There are 2 protein chains.
Amino acid sequence: MDAPVTVLDRLLEISDLFQRDLAREFAGSSLTPARTRVLWDLVHSGPSTQHALATRLEVSPRNITGLVDALEASGYVRREPHPDDRRAVLVSLTASAAELMHEMQRDHAELSDTLLGAVAPADRDAFLRGVGAVADRLRDLVEAAEAGRSAARAGVDR
Amino acid sequence: MDAPVTVLDRLLEISDLFQRDLAREFAGSSLTPARTRVLWDLVHSGPSTQHALATRLEVSPRNITGLVDALEASGYVRREPHPDDRRAVLVSLTASAAELMHEMQRDHAELSDTLLGAVAPADRDAFLRGVGAVADRLRDLVEAAEAGRSAARAGVDR
DNA sequence: CCATATCGTGATGATACTTCACTATCACCC
DNA sequence: GGGTGATAGTGAAGTATCATCACGATATGG
């Protein structure tokens, strides 16, 4: 009865392996998972204020300050004054960082294909539907749990 | 052309959601992800030396010292002298921690079932095969990458 | 019995986060 | 205009998880 391997175990192993691969990829460079996340977001969202980054990445604005400091020092991003708001700064990727991120995006897609290629062709459609269904269900569960807590706390106020 | 959602994205989202759920679960208690990992390992492996823990969890022995310190202070584990080796200590779960871990194991299995329940019955077998295949493939890839690096470094010596 | 490896830990430091306090600015409203 | 209150970013201080290096205590194998 000790520890049958569940689907969840497998899914967690996958993400663990991926993270390890990412860490290995950037060993030696000044890029770290958290800093890479910032770059990744900037590719998708374009030049952003630090506040916007903090909101999208769900971390404190103070934390973004430190991450951008490091990325700026290593030449991955630039801080420019916001044209309409003198309080804010716009963080944007440097050309070389943009190039790097496109490479990473290609690698990411390629890895995704490789992994899908490991699935028997006859299973692929069902597999994709299954992954989507699990992600959706889990998202709902987490959302409900978090809303529950918020509601409990907000309950006193309302 | 900007960012089609890949399988890999979905898999990473799943693990991200799960981690967030775990963190929420233990908010307020003295348990943290890293400390929980130690407890989880002890359930599977039984009383262990800190060195064994460090090896299995792939972290430095020094780090284990700190994690066990915290777990011991909170009453989750006990440190006992190793019967055959006066250098080593045996770390074992307290009764209440063992109980807690069994609960967690039940919850984990239950969540796994719930997630699998979100997959259409006709897709389930293919989905399970697919998840296994992807995990296997990724494990091979990471292993090869790490072996490559080790080989490169060991190459000078041999 | 001595050289060497192993087990744990103190010291020190990096990264990734937090909250709190504070400044500079913006936006609104009378 | 001149407050007034929200917002953008950052300094200060603290926590958790990791790493490396040095060191003492012990085991082990000639």
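Going by an unreviewed UniProt entry, chain A carries the name MarR family transcriptional regulator and comes from Agromyces bracchium.

The local shell around DNA strand D holds 21 residues, among which His-51 and Arg-87 of chain A together with Thr-32, Ser-60 and Arg-86 of chain B are the closest. Considering the 4 Å shell around the protein, atoms of DNA strand D inside it are sugar or phosphate in 70% of instances. Backbone polar atom of His-51 of chain A to a phosphate oxygen of DNA strand D: 2.5 Å apart, as the coordinates give it. Of all the elements in the fold, those that place two or more residues in the surface near DNA strand D are α3 (50–57) and α4 (61–73) of chain A together with α2 (33–45) and α4 (61–73) of chain B. Along the lines of polarity and charge, the residues of the surface near DNA strand D split into six nonpolar, seven polar and eight charged.

Chain A puts 50 residues into the contact, and the matching count from chain B is 50 residues. Summing the contributions of chain A and of chain B, the shared interface buries around 5100 Å²; its carbon and sulfur component is 70%. Applying the counting rule to chain A against chain B returns six salt bridges. We note a salt bridge from Arg-129 of chain B to Asp-123 of chain A, for which the minimum N-O separation is 2.7 Å. Where chain A meets chain B, there are 17 residue pairs in polar contact (both at pLDDT 80 or more). When residues of the side of chain A that touches chain B are traced back to their parent elements, those giving at least two are α1 (7–26), α5 (95–117) and α6 (124–155) of chain A. Here the residues of the side of chain A that touches chain B sort into 25 nonpolar, eleven polar and 14 charged.

Right, let's talk about the sheet that holds strand β2 (residues 77–81) of chain B for a bit. Residues and elements named next belong to chain B. Taken in spatial order, the three strands make up an open sheet running β1-β3-β2, and their pairing is antiparallel. Edge strands, defined here as strands with exactly one partner in the open sheet, are β1 (48–49) and β2. Bridge count for β1 against strand β3 (residues 89–93) is two bridges, and the pairing is antiparallel. Paired with Ser-48 across the bridge in β3 is Val-91. Docked against the sheet, α2 engages β1, β2 and β3, running at close to 95° with respect to β3. Across the sheet, α4 touches β2 and β3, and the angle it forms with β2 is around 115°.

The next subject is the protein's contact with DNA strand C. Taken together, 21 residues sit near DNA strand C, with Thr-32 and Ser-60 of chain A together with His-51, Arg-62 and Arg-87 of chain B positioned nearest. Restricting the count to atoms of DNA strand C within 4 Å of the protein gives a sugar and phosphate share of 68%. Between DNA strand C and Arg-86 of chain A, the relevant distance is 2.9 Å, taken from a phosphate oxygen to a main-chain nitrogen or oxygen of the residue. Between Arg-87 of chain A and DNA strand C, the recorded distance is 3.4 Å, taken from a side-chain N or O atom to a base oxygen. Looking at side-chain class alone, the surface near DNA strand C contains six nonpolar, seven polar and eight charged residues.

Conventions used here
Residues numbered from 1 in each chain as written. Chains lettered and ligands numbered in written order. Predicted model: local features only at pLDDT ≥ 70, side-chain atom pairs only at ≥ 80, totals over all residues. Heavy atoms only, no water. Near = heavy atom within 4 Å. Polar contact = N/O pair within 3.5 Å; in protein donor to acceptor, adjacent residues only side chain to side chain. Helix = DSSP H or I, 4+ residues; strand = E, 2+ residues; numbered from the N terminus. Nonpolar A, V, L, I, M, F, W, Y, C, P; charged D, E, K, R; others polar. Contact = heavy atoms within 4.5 Å. Buried area = accessible area lost by both parts, 1.4 Å probe. Salt bridge = Lys/Arg side-chain N within 4 Å of Asp/Glu carboxyl O. Pairing = 2+ DSSP bridges. Axes fitted to C-alpha atoms, helices over the stretch in contact; angles between N-to-C directions.

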